[in-house]
Each structure stands twice: as C-alpha cells, then as structure tokens.
Amino acid sequence: MTNTDIEPEAVYNPSTAASLALYKSAHSASIKDISSYWSELAKSKLHWFAPFPTAVTGSFQEGSVSWFAGGKLNVCYNAVDRYCLPPFNRGNEVAIIWEGDEPDAIKRISYHELQLSVCRIANALKASGVQKGDVVTLYMPMVPELAMTMLACARIGAVHSVIFAGFSADAIADRIDDAKSKWVVTASVGSRGGRNLPLKTICDAAIKKERCVGVVQKVFVFDGNGPNGSEWDKEDIHVRFSDLVHAQWPVCSCEWMDAEDPLFILYTSGSTGRPKGLVHTSGGYSLYAMHTTANSFGLSQQTGPSSPNDPHKDVYACVADAGWITGHSYIVYGPLLNGISTFMFESTPMYPDHGRYWDMVQRHKITVFYTAPTAIRSLMRFGDDAPNKYDLSSLKVLGTVGEPINPAAWKWYFDVIGKGKCAVVDTYWQTETGGHVITNLPGVTPMKPGSCTLPCYGIEVVVLDPASGQEIDTTAAEGVLAIKQPWPGMARTCLGDHQRYLNVYMKPYPGYYFAGDGCRRDEDGFIWITGRVDDVLNVSGHRIGTAEVESALVAHPAVAQAAVVGIPHEIKGQGICCFTTLTEGVPESEDLIKELRNQVRTSIGPFATPDMIVLTAALPMTRSGKIMRRILRKVAAGELDTLGDTTTLSDPSVVDILISKVENLR
Ligand code: 6R9
C-alpha cells in the first residue's frame, strides 16, 4: 500500500471550530453520566411496552453489564409497525430498496408491505413450532426475505443466527451445533456475479453431518422448487417455505421482550479455537444501532424516509452483506429503526462490470454510500474512467468500515467518488461492539485520511500500555485500545461460554473492555488503528482466526503441523500465508498444495482461501517447542532486515530454508 500524495496527518475539515467544540462538550457530557445519556435516548427513540426501571447495572469486570433490564419492547415493532401508525404514518414509504444480481432486478418494498410480509413469515415460523427463545439459523442470499426473516424472528422472540452465504457446510454445521439450533432457513439458490450458489445443497450437506443429526428439526426453504429446479428432498425435514408463508394471515402480534432478551447471535472469529457466538440484546443493541446510524451518517436532522424523487431526503445504501455485523446494524436494524429506507444489494461491485456501484449511485440517487476499503482498493485499480462516466452528484457522505483505510484509497474515495465535497466517515467498530465506537461525524468533526478519528457519543476510549495495563494519559500515545465504560450495544456474552467472553474481553485489562486492536493517538487526540494484536487476520474486512485455518489444515491426513500468519496484500489488506510440515513419508507436490487450499475452502469458506502455502520439513521452533510466529510473519512479508534474534531457535537454519521457499513462491 502506498500513501502517495498525502501529507502525513493532513486534516480535511468539513467542520468548523464551533462544531468541533460542540462535539467535544457533548461528548464529555455523554460520558460523564452514561446512565442519563442513554436513558434519555432510550425513552425518546424507542417505543416501550413497559418502561425500564434502571438504565445500566453491572460491570465489565464481572461481565454482568445490562441495559434497560425490566423494560419491555419489541424490536420488530420499533423497526416496522410504528412507522405504519400515527404519528409517523409512513406505511406507504419505501422501507427496502432491493437491487438483485442483475441491475434491472429492482424491488421497492414499503413499510406497510414489509409489515405484512414479516407477519406472514412470523406466522409460518410459529405454525411450524418455532418458539420464543429458539435459535433460528439463517443461511440466505441477499434478498429482502433475509431481512424479513430476521425481523420475523425478532417479532416472535426467536433469536436469529445469520451465517454469511459464503460459509461452507462444515462451518454451518459447527454453528448449528454450537447454538443447538433446531430451525434453519435457507433458499434453494442464490445469485452472485452471474453465478448460482446452491445454498440448499450446502445446507443439506451441513445438516447431514453427525453433529447436526437430531439437532435440526426443520429446514425452511424459500423458493423450495426454485427457478433452477433444485432437487426437492422428500424427507420430513424440508418445508417449502414460500408456499407456507404465502398461506399465512398477515397479522401477527409482537412478543413483549425484555430489553436484555437476546435479539440475535452472530458468530465471529477469535484468536483461539472455534468461532464464538456473540449475543446481542433487544433493547441496548437496537438503541445503539439506531443512534449510531443517525449520527455517523449525518441523518440526525432528518426524520423522513428516503425517496429517489425527493432531493431533500437521504437515500442510504450500505453495500455490505447482511451476514456480517455491518449488515445487521447498518442494513437491517439501524436504518429501519430510524424509519428511513435501506438498500439491499445482492451482487458484487464487479458485476456486470466494475462500474456497478457508481451506476447504482446514479440510478438511485444515493446520498450515503457505505462500503469497505478492500472494495475501494479493488475498484481504484481500474482507474477513474468508470466513476467519471456516472453522475455521482447525489453523494453527500461516504463511509468505510472493516479495516484501516490506507490514505491513498481514502484520497481516491474522497476525490474521485466524492469529488472533494463529501465527508468520508471512517467507522471503527466490531461484531462485539454492536455499532460504531470511533468515527468522525459528517460536518461536525474533521477528517484525517487513515484515522478513524474520535469516539462516538457515550463511548469513553482509552489507550493502555500493553505491558502495565495503565492508561496513557498524554494526548499522544501508543498502545492497545480499550473502552472504559459500558455502552448499550456491547455484546453481553459468548453463547454457552461466558468464561470465554470474560477471558477474551474483560480479563486482559481488568476494568476495561479490551478490543484486541493496537492503536496510536496523535497530538490532536485522533485515533489511528494499527491492527489486531491477537492472532486474528483481517482479510478483505473478514475476520479469520489463524487457529481456524490451522485446524482446517491439520485435519488433512498429509499435514503434520501448520502455522498460519498474515501477509500484506495490496487489495485484501491482509492475505493468508500457511506454513505446513507434512506427515512422514508424504512427498511435497503442487497437487497437494491445491488439495490443501481446497481443504481450507471447504472447511471454512472460499473467502478464507490461502494466498500462499509453503510446504516445509520444519518450522522455526523455540527450544521449548513453541512456533515462532513473529519470524514466520517477517519471512512471509519479506521483511528480512527486521527478522530479529533467531538464536533462540532450536534449529536456526530452518529460517534460511523458509526464506528461499517463500522467494520461489513470489
Ligand atoms: C465492523 C467489523 C472487527 C475488526 C476490528 C478492527 C477492524 C473494523 C475498522 C477496523 C480500522 C476501521 N476494523 N473497522 N480497523 N479502521 N474503520 O468490521 O466487525 O468483522 O468484527 O471486525 O475489524 O481490527 O477489531 P468485525
């Protein structure tokens, strides 16, 4: 990555000294008394069936934080029903704009239509036996039915667990097994980039695995005998869901949920072992998703939903996949809870060509566009012709998420897409945080390319010395990022493993939430994320644990040992490099490398495909038998000047062999 044309720490200032001062005083007030800050918002922004007696209780240290407990609400009611009723009366306005894989496949769904569809799905789930508290696994393409089913679960108090449609059968089976999910919703096929994804077939392979047999009771299949004639299983387990849904009554009451009842679980990668199912709540999460959507994208002044024909209203588009947290918070819950319209995009930025995003901006008059640095970098490669062909003048705010954005990509986004007149909001957050925790605010706080800038309201960010765990109180600081006070959107636990939650987030620095990222704070107090400090890779914005890739590799009989590290990658940010030793007697071969690559794809999913596999007779080990990953990282990245001390290795000559192997593979 290069930082050409960018002054280090250049300030792009769409804000004024006065607005920055206002932010600063509002931010300090919000963290001085988090209880009244969030309590006021919860009362004014959400509809409660029964009020909450206290805003916040518990502590990080005990892992016992709760928000608005005792208050009763329904998230689906807040996101859908109330906008069909007075005083909003927006039933006829657009809730979801969906653009399918083909650019001419467009649906506009009003709030009222959304309500009817959600009720039908909710009734179909209930009629099939789904109960409050049950976990419903969703393995779906980016179609409106995905958002509708999420909302239908929320309506009846079922807990959804969405699995990104790029995951393999093995990965689905692990998640179904972990959550003991009796119900699975899928579609016969999905379409992406002109290709069909056989989702039902993949789901079927998952539920046939031993760990799922006896767990899954029903698989609800949208378009059961779909357009591509997917084979229909005769077993009792499959339900033709489109037919069942169609036959339902479009009225379904909303369950009264406690604010602390789980709304969903979402699996994400950690540094060790299996992916963990983070649990998000009905009250705190929805308030947080709603509030950050409005603030971070500058929608706070606007209460009307968007419409392509009204120049004063925003057309908000987050082009992530709903299978990740970004989709949960900023495609489904955040926008709909605000009563604005949201955009669901089924395809890829490259289909039918690399002008697709800009074509959509022009056609839908998108005003807020939210994507990931990896997409920006991959489009930037094609030059300025594609974006220059389209009218991008509707754009006001450009968002980025998922990894640090390199200044060159930031500048391209700002100049070529935003024509130098849009705010670029660099939103830092995590699956665990539920919503943005650090970002500039359009028109309010300044921007620095590559910095996620300043904390969101209600979030107290600190930089800790990694060794002592002490807060560094000088403005300029370098260390690990932590959060000092609870916020409503934080995940409350890892499903079925509260100890793991405590160990990963709460114990490393007692009294703080530890994010797992390193950071620097500059003289102006702006935060620059320097990347994960644990064994988690960030590949095209997807979190992948090195341990997950390693266990996929060692599951292959030819592999004795595997060590996986990240390598810098121009487009993906980070690529995956695997060092593997083979079982005695297995010869090294190109075919084996292909097989191992495939092994990772089938065990996790194609997005985790290794970029480099190095077969080797030995790995660099300390005398006590630990793999020296630090050295592997340097070798993989070609940073040979900074290899450091190799004398503590049990056999230092291994390093030279690895260096030449990696050089041959480049
Ligand atoms: C939302 C999401 C979380 C990890 C996080 C950090 C990285 C996300 C970032 C960023 C720098 C940003 N990350 N946004 N790093 N600047 N604006 O991506 O969630 O998949 O859980 O990943 O992604 O390393 O810890 P998730």
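All values derive from a computational prediction rather than experimental measurement.

## Some points on the sheet that holds strand β4 (residues 94–99)
Piece 1. Spatial strand order, β5-β4-β17: three strands in an open sheet with mixed pairing. Both outer strands of the open sheet, β5 (106–110) and β17 (342–345), are each paired with one neighbouring strand and no more. Within the sheet, the average angular offset between the axes of one strand and its neighbour, ignoring direction, is 15°.
Piece 2. Across four bridges, β4 lies against β17 in parallel orientation. Bridge pairing links Glu99 to Phe345 in β17.
Piece 3. Helix-sheet contacts for helix α10 (residues 325–337) involve β4 and β17, and the interaxial angle to β17 is about 160°.

## Notes on the site of the ligand
Piece 1. Around the ligand sit 17 residues in total, of which Asp426, Thr431, Asp517, Arg532 and Arg543 are the nearest.
Piece 2. Between the ligand and Gly402, the relevant distance is 3.1 Å, taken from a nitrogen atom to a main-chain nitrogen or oxygen of the residue.
Piece 3. Interatomic distance of 2.8 Å between a side-chain N/O atom of Arg543 and an oxygen atom of the ligand.
Piece 4. The fraction of the free accessible surface of the ligand (530 Å²) that becomes covered by protein chains is 96%.
Piece 5. Listed by contribution, the elements that provide at least two residues to the shell around the ligand are α10, β20 (423–427) and β25 (527–532).
Piece 6. Grouping the amino acids of the shell around the ligand by side-chain chemistry returns six nonpolar, six polar and five charged.

## As for the packing of aromatic side chains
Piece 1. Evaluated as defined, the whole model comprises 41 aromatic pairs.
Piece 2. Judged by centre distance (5.1 Å) and plane angle (25°), the rings of Phe49 and Trp256 are stacked. Taken as a pair, Phe49 in the loop between α2 (34–45) and β1 (56–57) and Trp256 in the loop between α8 (241–246) and β13 (257–258) lie far apart in primary sequence, 207 residues in all.
Piece 3. Taking the relative accessible area as the measure of exposure, Trp256 reaches 48% and is therefore partly exposed.
Piece 4. Each member of the aromatic cluster is reached from another via a ring pair, and the members are Phe60, Trp487, Tyr501, Tyr505 and Tyr513.
Piece 5. The ring of Phe167 is capped by Arg175, whose NZ or CZ atom sits 4.3 Å from the centre of that ring.
Piece 6. For the cation-ring pair, Lys448 lies above Phe526, with the distance from its terminal atom to the ring centre recorded as 4.5 Å.

## A short note on the nonpolar core
Piece 1. Core analysis: the largest hydrophobic core is formed by 119 residues, its most contacted members being Phe68, Leu114, Phe241 and Tyr333.
Piece 2. Sorting elements by how many residues they give to this core places helix α5 (residues 144–156) first, with nine residues.
Piece 3. Residue contacts for Tyr333: discarding those within four places in its chain leaves Val75, Met150, Leu151, Ala154, His160, Leu263, Phe264, Tyr285 and His328.

## Brief notes about the confidence of the model for the chain
Piece 1. Averaged over the chain, the pLDDT score is 93; the fraction of residues at 70 or greater is 95%.
Piece 2. Here residues 301–308 is modelled with pLDDT under 50, and outside its nearest four sequence neighbours on either side it reaches 28 contacts, counting other chains as well.
Piece 3. Across the whole predicted complex the pTM is 0.93, and at the interface the ipTM reaches 1.00.

## Things to note about the layout of surface pockets
Piece 1. When its volume is computed, the second largest pocket comes out at roughly 580 Å³.
Piece 2. Along the walls of the second largest pocket sit 25 residues, with Lys107, Glu145, Phe222, Asp223 and Ser242 positioned nearest its centre.
Piece 3. At the level of elements, α4 (111–127), α5, β9 (190–192) and α8 are the ones that each hand at least two residues to the lining of the second largest pocket.
Piece 4. When grouped by side-chain class, the residues that make up the lining of the second largest pocket number twelve nonpolar, eight polar and five charged.

## Focus: the UniProt feature "domain: Acetyl-coenzyme A synthetase N-terminal" (unreviewed entry) in the chain
Piece 1. Those places that UniProt annotates as "domain: Acetyl-coenzyme A synthetase N-terminal" (unreviewed entry) correspond, in this numbering, to residues 23–79.
Piece 2. In this annotation, residues 23–79 is assigned 47% helix and 11% strand; the end-to-end C-alpha distance for the span is 28 Å.

## Remarks on the pattern of salt bridges
Piece 1. Tallied over the entire structure, the rule returns 27 salt bridges.
Piece 2. Taking the shortest distance from any N to any O, the salt bridge between Lys180 and Asp177 comes out at 2.5 Å.
Piece 3. Across the salt bridge formed by Glu432 and Arg543, the nearest N and O atoms sit 2.9 Å from each other. Pair noted here: Glu432 is in the loop between β20 and β21 (461–464) and Arg543 is in strand β27 (residues 542–545), with a separation of 111 residues, a long-range link.
Piece 4. Within this structure, Glu99, Arg356, Asp359 and Arg363 form a network of salt bridges that share partners.

## Quick look at the packing of helix α9 (residues 283–296) against α10
Piece 1. Closest axis-to-axis distance for the α9/α10 pair is 8 Å, and the angle between their directions is 85°. With respect to each other, α9 and α10 are oriented roughly perpendicular. In this structure, α9 contributes Tyr285, Ser286, Ala289, Met290, Thr292 and Thr293 to the contact, and α10 contributes His328, Ser329, Tyr330, Tyr333, Gly334, Pro335 and Leu337.
Piece 2. Residue composition of the contact of α9 with α10, grouped by class: seven nonpolar, six polar and no charged.

## Some thoughts on the pairing of strand β8 (residues 183–187)
Piece 1. In terms of residue burial, β8 counts as a mostly covered element, since five of its five residues are buried.
Piece 2. Where burial is concerned, the two faces of β8 agree: the one with Trp183, Val185 and Ala187 and the one with Val184 and Thr186 are both buried.
Piece 3. Summarising the sheet, strand β6 (residues 135–139) and β8 pair through four bridges and their orientation is parallel. Residue pairing in the sheet places Thr137 in a bridge with Val184 of β8.
Piece 4. Sheet topology note: the β8/strand β11 (residues 218–222) ladder contains five bridges and is parallel. When the bridges of β11 are listed, Trp183 appears paired with Lys218.

## Regarding the state of the cysteines
Two cysteines, two sulfur atoms, one covalent bond between them: this is a disulfide.
Piece 1. In total, this model carries zero disulfides according to the counting rule given.
Piece 2. Of all cysteine sulfurs in the structure, the one in Cys519 sits closest to Cys452, which takes part in no disulfide; the separation is 8.1 Å.
Piece 3. Relative accessible area serves as the criterion here: at 3%, Cys452 is assigned to the buried category.

## What about the sheet that holds strand β14 (residues 262–268)?
Piece 1. Here we have eight strands laid out as an open sheet, ordered β12-β11-β8-β6-β7-β14-β15-β23, and mixed in their pairing. Across the chains shown, the open sheet's two edge strands, defined by having one partner strand only, are β12 (238–240) and β23 (493–494).
Piece 2. Where strand β7 (residues 159–162) and β14 come together, two bridges link them in parallel fashion. Across the sheet, the residue bridging to Ser161 is Ile265, located in β14.
Piece 3. Helix-sheet contacts for α10 involve β7, β14 and β15 (276–281), and the interaxial angle to β14 is about 145°.

## A look at empty space enclosed by the protein
Piece 1. With the rule as written, the count across this model stands at three cavities of 30 Å³ or more.
Piece 2. Estimates place the volume of the largest cavity at around 60 Å³.
Piece 3. In this structure, the largest cavity is lined by Trp38, Tyr288, His291, Thr292, Asn295, Ser296, Leu441, Cys456 and Tyr457.
Piece 4. Broken down by element, the lining of the largest cavity gets its largest block of residues, five residues, from α9.
Piece 5. Across the lining of the largest cavity, the residue classes tally to five nonpolar, four polar and no charged.

## Looking at unusual backbone geometry
Piece 1. In the segment running from Pro86 into Pro87, the intervening peptide bond is cis, with an omega of 5°.
Piece 2. Residues Tyr351 and Pro352 are joined by a peptide bond in cis, for which omega reads -5°.
Piece 3. Assignment of secondary structure puts Pro352 in the loop between β17 and α11 (356–364).
Piece 4. With a phi angle near 45°, Lys180 is a residue other than glycine that sits in the positive phi range.
Piece 5. Mapped onto the secondary structure, Lys180 falls in the loop between α6 (169–179) and β8.
Piece 6. Positive phi outside glycine occurs at Thr453, with the angle close to 75°.
Piece 7. By the secondary structure assignment, Thr453 is in the loop between β20 and β21.

The rules we used
Residues numbered from 1 in each chain as written. Predicted model: local features only at pLDDT ≥ 70, side-chain atom pairs only at ≥ 80, totals over all residues. Heavy atoms only, no water. Pairing = 2+ DSSP bridges. Helix = DSSP H or I, 4+ residues; strand = E, 2+ residues; numbered from the N terminus. Axes fitted to C-alpha atoms, helices over the stretch in contact; angles between N-to-C directions. Contact = heavy atoms within 4.5 Å. Near = heavy atom within 4 Å. Polar contact = N/O pair within 3.5 Å; in protein donor to acceptor, adjacent residues only side chain to side chain. Areas by Shrake-Rupley, 256 points an atom, 1.4 Å probe, with all protein chains shown as cover. Nonpolar A, V, L, I, M, F, W, Y, C, P; charged D, E, K, R; others polar. Phe/Tyr/Trp six-rings, centres within 6.5 Å; stacked < 30°, edge-to-face > 60°. Buried < 20%, exposed > 50% of the residue type's maximum accessible area, 1.4 Å probe, protein only. Lys NZ or Arg CZ within 6 Å of the ring centre and 35° of its normal. Core = buried A, V, L, I, M, F, W, Y, C linked by side-chain atoms within 4.5 Å. pLDDT = per-residue confidence, 0-100. 1 Å grid on protein atoms, 1.4 Å probe; cavity = no way out; pocket = protein on both sides within 12 Å on 5 of 7 lines; lining within 4 Å. Points joined across faces, edges and corners; volume = space filled by probe spheres on them. UniProt positions renumbered as here; feature names shortened; annotations may be inferred. Salt bridge = Lys/Arg side-chain N within 4 Å of Asp/Glu carboxyl O. Parallel < 35°, antiparallel > 145°, perpendicular 65-115°, else oblique. Disulfide = S-S within 2.5 Å.

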